Amino acid sequence: DEKFSFKYSPGKLRGNQYKSMMSKEELEEEQRVQREQLAAIFRLMKEKSDTFGEMSEGDMKEQLRLYDI
């Protein structure tokens, strides 16, 4: 049984490659955490519009692009 080390190795694996190594449960948990993070980001941007400015559709797309959503 070969074990995989997740130690940092620049340029070795991309997000999709890590996903292929995750179980269904791990992927579901990752997606749940991503949704929570995005909700927190959008909530903060809305609440702090004096700091971040009004959130545009482009802002939302830019944040979503950071995730696989």
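Look up a bit, the structure's there.
A brief report on the enclosed structure follows. All figures in this text were calculated on a predicted structure; none of them were measured in a lab. (Residues numbered from 1 in each chain as written. Predicted model: local features only at pLDDT ≥ 70, side-chain atom pairs only at ≥ 80, totals over all residues. Heavy atoms only, no water.)

Brief notes about the packing of helix 2 (residues 24-47) against helix 4 (residues 57-65)
This is how the line gets drawn: Axis definition: a line fitted to C-alpha atoms, limited for helices to the stretch in contact. Angles are taken between N-to-C directions and run from 0 to 180 degrees. Strands here are runs of E lasting at least two residues and helices are runs of H or I lasting at least four, both read from the DSSP assignment and numbered beginning at the N terminus. Roughly parallel means an angle under 35 degrees; roughly antiparallel means over 145; roughly perpendicular covers 65 to 115; every other angle is labelled oblique. Each crossing gets its hand from how the near helix is turned against the far one by less than a right angle, where anticlockwise is left-handed and clockwise is right-handed. In what follows, a contact means two residues having at least one pair of non-hydrogen atoms within 4.5 Å. For this scheme, ten residues count as nonpolar: Ala, Val, Leu, Ile, Met, Phe, Trp, Tyr, Cys and Pro. Four count as charged, namely Asp, Glu, Lys and Arg, and the remainder, Gly too, count as polar.
The geometry of helix 2 relative to helix 4 is characterised by a closest axis approach of 11 Å and an angle of 150 degrees between their N-to-C directions. With respect to helix 4, the element helix 2 is oriented roughly antiparallel. Two packed elements cross with a definite hand, and for helix 2 against helix 4 that hand is right-handed. On helix 4, the residues that touch Leu-38, Ile-41, Phe-42 and Met-45 of helix 2 are Asp-59, Met-60, Gln-63 and Leu-64. For the contact of helix 2 with helix 4, the class distribution of residues is 6 nonpolar, 1 polar and 1 charged.

A short note on the pattern of salt bridges
We count it as follows: One speaks of a salt bridge when a side-chain nitrogen belonging to Lys or Arg is within 4 Å of a carboxyl oxygen belonging to Asp or Glu. Each residue is placed in one exposure class: buried if its accessible area under a 1.4 Å probe, protein chains only, is under 20% of its type's maximum, exposed if it is over 50%, and partly exposed if it falls in between.
Applying the stated rule across the entire model yields 4 salt bridges. Here Lys-61 and Glu-57 are joined by a salt bridge, their closest N and O atoms 3.1 Å apart. Taken together, the residues span about one helical turn, with Lys-61 and Glu-57 both in helix 4 at a distance of 4 residues. A residue is classified by how much of its surface remains accessible, and Glu-57, at 56% relative accessible area, is exposed. What emerges from the salt-bridge pattern is a single network uniting Glu-29, Arg-32 and Glu-36.

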